[in-house]
Amino acid sequence: MAKVAKRVAKAQELFVGKTNLSVEDAVALIKKAASAKFDETLEIAMNLGVDPRHADQMVRGVVQLPNGTGKTVRVAVFARNAKADEAKAAGADIVGAEDLMEQIQQGKIDFDRCIATPDMMPLVGRLGKILGPRNLMPNPKVGTVTMDVASAVTNAKGGEVQFKVEKAGVIHAGVGKVSFTDEKLAQNIRAFVDAVSRAKPSGAKGAYLRKVSLSSTMGPGVSVDLASATA
């Protein structure tokens, strides 16, 4: 325990007085401080000038990170017949219909992304109370309710990240691994910030992008200069 506390304290020391850094400087600092025994995720937090309780201020979307997430994504697909075969051929981990619904109802949720063909939504709709809170409910707005299941599976496996604003007006996401090069992480960060910028809702008033912070899974956070993040 003392060793962990010492490691955390040492990491925090590096961040003292550091604020509003360029993307590149923030990435370099986080990588220097990351000392966990696993490959930490670089995480982004964006504070937005929205109140998601209002429908016209909800922010959600999807972005294909240019360098992927570094994470293995398990994909479940609700489909039948030819579409089920397409999903399997594209690399889906779990494909089914009523059988998959029963698994989920029993609490067996062994996947990170859920995709469905439109005709399966009456079935999937029954799982709203289970999948919704886990942000796994298929949604046409982010391309997870689609007839093109092959592309949806390929995108999910290839570094696509979904985002949705939380109650406090904050968006969180992982945008790569600390082991990525500085350049790849910077590209991913800017791609993510750009996607959130373009998802600005009609009801947003005043400053939309208010603060961007970066951290590693186990490390302290640092704020990033907005101009640098949107360059």
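Look above for the structure.
Residues numbered from 1 in each chain as written. Predicted model: local features only at pLDDT ≥ 70, side-chain atom pairs only at ≥ 80, totals over all residues. Heavy atoms only, no water.

A closer look at the sheet that holds strand β3 (residues 75–78)
So, step 1. Within the open sheet, the three strands sit side by side as β4-β3-β5. Their pairing is parallel. The open sheet has two edge strands with one neighbour each: β4 (94–96) and β5 (113–116). Strand after strand, the sheet turns through a mean of 15 degrees between neighbouring axes, direction not considered.
So, step 2. As paired elements, β3 and β4 share three bridges and run parallel to each other. Looking across to β4, one finds that A76 is bridged to I94.
So, step 3. Packing against the sheet, helix α4 (residues 98–105) makes contact with β3 and β4, and its axis sits at approximately 130 degrees to β3. (Pairing = 2+ DSSP bridges. Helix = DSSP H or I, 4+ residues; strand = E, 2+ residues; numbered from the N terminus. Axes fitted to C-alpha atoms, helices over the stretch in contact; angles between N-to-C directions. Contact = heavy atoms within 4.5 Å.)

Digging into the pairing of strand β2 (residues 60–64)
So, step 1. Only one face of β2 is covered, namely the one carrying G61 and V63; the face carrying R60, V62 and Q64 has none of its residues buried.
So, step 2. In the sheet, β2 pairs with strand β6 (residues 160–164) via five bridges, with the strands oriented antiparallel. When the bridges of β6 are listed, V62 appears paired with Q162. (Buried < 20%, exposed > 50% of the residue type's maximum accessible area, 1.4 Å probe, protein only.)

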